[in-house]
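Notes for the structure review
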Amino acid sequence: SQESEDLQPDTMTGEQPMMQLVMQHGQRLQSPESLDTIAQRTTHSVASLPTQTRQIQSPISLAVEPSAGLINLIAKTQHQGNR
């Protein structure tokens, strides 16, 4: 569907979506992950952040910009809400 396409990673910029479609029409789209898999993904994700962002005291925040896909999805849902 178009909504799931809007949330796909952008291979040109290396962006990764912060959210993923997990349910559609009341059905789970993927098998549940094990706790080990979740732990590995979280460890990898945290390790990918700059050291200054991972520090406990006075971490430096990352600048976050919405992707073109997210901006398009926001506009689409706002348009649908105005009908």
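Above this text is the structure in question.
Residues numbered from 1 in each chain as written. Predicted model: local features only at pLDDT ≥ 70, side-chain atom pairs only at ≥ 80, totals over all residues. Heavy atoms only, no water.

1. A few points about the pattern of salt bridges
One pass over the full model with this rule turns up one salt bridge. As a salt-bridge pair, Arg41 and Glu33 come within 2.5 Å of each other at their nearest N and O atoms. Taking the relative accessible area as the measure of exposure, Arg41 reaches 43% and is therefore partly exposed. (Salt bridge = Lys/Arg side-chain N within 4 Å of Asp/Glu carboxyl O. Buried < 20%, exposed > 50% of the residue type's maximum accessible area, 1.4 Å probe, protein only.)

2. Considerations on a nonpolar patch on the surface
On the surface, a nonpolar cluster with roughly 510 Å² of combined accessible area is contributed by Met18, Met19, Leu62 and Val64. Along the polypeptide, Met18 turns up in the loop between α1 (2-6) and β1 (23-24). Relative accessible area serves as the criterion here: at 79%, Met18 is assigned to the exposed category. (Patch = residues over 30% accessible without salt bridge, like charges linked within 9 Å, V, L, I, M, F, W, Y side chains within 5 Å. Areas by Shrake-Rupley, 256 points an atom, 1.4 Å probe, with all protein chains shown as cover. Helix = DSSP H or I, 4+ residues; strand = E, 2+ residues; numbered from the N terminus.)

3. A short note on unusual backbone geometry
Positive phi outside glycine occurs at His25, with the angle close to 55 degrees. Here His25 shows up in the loop between β1 and β2 (27-28). Residue His25 is classed as exposed on the basis of its relative accessible area, which comes to 78%. With a phi angle near 55 degrees, Ser58 is a residue other than glycine that sits in the positive phi range. Looking at where Ser58 falls in the secondary structure, it is placed in the loop between α3 (51-54) and α4 (68-81). Classification of Ser58 as exposed rests on a relative accessible area of 61%.

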